[in-house]
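The lines below spell out each chain.
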Amino acid sequence: GAVVSQHPSWVICKSGTSVKIECRSLDFQATTMFWYRQFPKQSLMLMATSNEGSKATYEQGVEKDKFLINHASLTLSTLTVTSAHPEDSSFYICSASPPAGANQPQHFGDGTRLSIL
Amino acid sequence: TQLLEQSPQFLSIQEGENLTVYCNSSSVFSSLQWYRQEPGEGPVLLVTVVTGGEVKKLKRLTFQFGDARKDSSLHITAAQPGDTGLYLCAGALFGNEKLTFGTGTRLTIIP
């Protein structure tokens, strides 16, 4: 089945640090990947849609200069949290869909827990 | 605005009991998916339903998509401790790949 890998799984760093999270589709090419954020005891909230070879599309209220997305290849999207602060601490999850046909389900990475001290 | 409301938000029942989780919206979806998420992990797909009125079964789990494609339900028969987790429905609007997640149902099965 479709596999999506996310790295790192856990990051702890000081306030002001920039943190990069990678999302890879291991056995399929993904022109589109999605980045979500999940706060404790809450559901997933879509942050942005990552498009290969073009700019990401951000959801309302998500700062594009704060959360930089790069989708340079068909198997890799990265999310960089710039100058992270404690309020950015969250569980970040990416997903991707295999390209064939409509209504293809999204497959999710295992998430990255980001803790900013 | 949360497009998909799940109920109940929390559910704790004894092993062997049956339960139903509901996912409701005023929007019409082209497809709807159910996921289960364990702590510290990403959601794992359980099922996708695409046709109004569709019923799918996965062992002890039965999923139904509403006739109007606005709602869905997940029924678990004879719940087991391994069913414990966060259950999420997620819908895709027509012509849009983006998923909107439901508010989630945290299920605990007591041995």
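Above this text is the structure in question.
Residues numbered from 1 in each chain as written. Chains lettered and ligands numbered in written order. Predicted model: local features only at pLDDT ≥ 70, side-chain atom pairs only at ≥ 80, totals over all residues. Heavy atoms only, no water.

Asker: How should a nonpolar patch on the surface be read in this particular structure?
Answerer: Residue and element names in this part refer to chain A. A cluster of nonpolar residues, Trp 10, Ile 12 and Leu 117, forms a patch on the protein surface that exposes about 400 Å² of accessible area. Tracing the backbone through its elements, the reader meets Ile 12 in strand S2 (residues 10–13). With a relative accessible area of 56%, Ile 12 lands in the exposed category. (Patch = residues over 30% accessible without salt bridge, like charges linked within 9 Å, V, L, I, M, F, W, Y side chains within 5 Å. Areas by Shrake-Rupley, 256 points an atom, 1.4 Å probe, with all protein chains shown as cover. Salt bridge = Lys/Arg side-chain N within 4 Å of Asp/Glu carboxyl O. Helix = DSSP H or I, 4+ residues; strand = E, 2+ residues; numbered from the N terminus. Buried < 20%, exposed > 50% of the residue type's maximum accessible area, 1.4 Å probe, protein only.)

Asker: How should the interface of chain B and chain A be read in this particular structure?
Answerer: Accessible area lost upon the coming together of the parts serves often as the stated size of an interface. Taken together, the contact pairs 22 residues of chain B with 22 residues of chain A. Of the roughly 1,600 Å² buried at the junction of chain B and chain A (both faces included), carbon and sulfur atoms supply 54%. Looking only at chain B, the three residues that lose the most surface to chain A are Glu 97, Lys 98 and Phe 101 of chain B, adding up to 28% of its buried area. Our count for the chain B to chain A interface comes out at 1 salt bridge. With its nearest N and O atoms 2.9 Å apart, the salt bridge here joins Lys 98 of chain B to Glu 59 of chain A. Taken together, chain B and chain A are joined by 6 residue pairs in polar contact (both at pLDDT 80 or more). When contributions to the side of chain B that touches chain A are tallied by element, the ones reaching two or more residues are strand S4 (31–37), strand S5 (44–49), strand S9 (85–92) and strand S10 (99–101) of chain B. (Contact = heavy atoms within 4.5 Å. Buried area = accessible area lost by both parts, 1.4 Å probe. Polar contact = N/O pair within 3.5 Å; in protein donor to acceptor, adjacent residues only side chain to side chain.)

Asker: Could you clarify how one ought to interpret the pattern of salt bridges in this entry?
Answerer: Pairing is possible between side chains that carry opposite charge, provided their charged atoms lie close to one another. Residue and element names in this part refer to chain A. Enumeration over the complete set of coordinates arrives at 6 salt bridges over all chains. Across the pair Arg 24 and Glu 22 runs a salt bridge whose closest N-O atoms are separated by 3.4 Å. Taking the relative accessible area as the measure of exposure, Arg 24 reaches 34% and is therefore partly exposed. Take Glu 22: its relative accessible area is 23%, and that puts it in the partly exposed class.

Asker: Sorry, what's going on with the sheet that holds strand S1 (residues 4–7) of chain A here?
Answerer: Hydrogen bonds between backbone groups are what pair the strands of a sheet, and the pairing can be parallel or antiparallel. Residue and element names in this part refer to chain A. The strand order across the open sheet built from 4 strands is S1-S3-S8-S7, with neighbouring strands paired in antiparallel fashion. Every other strand in the sheet has two partners, leaving S1 and strand S7 (67–73) as the edge strands with one partner each. Sheet twist, expressed as the average angle between the axes of neighbouring strands with direction ignored, equals 15°. The pairing of S1 with strand S3 (residues 19–25) spans 4 bridges and is antiparallel. Residue pairing in the sheet places Val 4 in a bridge with Ser 25 of S3. (Pairing = 2+ DSSP bridges. Axes fitted to C-alpha atoms, helices over the stretch in contact; angles between N-to-C directions.)

Asker: Hey, could you run me through the packing of aromatic side chains in this one?
Answerer: Two measures describe an aromatic ring pair: the distance that separates the ring centres and the angle between the ring planes. Scanning the model with the defined rule gives 7 aromatic pairs over all chains in all. Here Tyr 36 of chain A and Phe 108 of chain A contribute two aromatic rings whose centre-to-centre distance is 5.5 Å and whose plane-to-plane angle is 45°, an arrangement assigned as tilted. Separated by 72 residues along the polypeptide, Tyr 36 of chain A in strand S4 (residues 32–38) and Phe 108 of chain A in strand S10 (residues 107–108) bring together distant segments of the chain. When sorted by exposure, Tyr 36 of chain A lands in the same class as Phe 108 of chain A, which is buried. Aromatic side chains Tyr 36 of chain A and Phe 101 of chain B sit 5.5 Å apart centroid to centroid with 90° between the ring planes, which places their arrangement in the edge-to-face category. Here Tyr 36 of chain A, found in strand S4, pairs with Phe 101 of chain B, found in strand S10, and the two come from separate chains. (Phe/Tyr/Trp six-rings, centres within 6.5 Å; stacked < 30°, edge-to-face > 60°.)

Asker: Looking at this model, I keep getting lost on the side chain of Ser 25 of chain B. Mind explaining?
Answerer: Here Ser 25 of chain B lies in the loop between strand S3 (19–24) and S4. In contact with Ser 25 of chain B, not counting residues within four places along its chain, are Leu 3, Leu 4 and Lys 70 of chain B.

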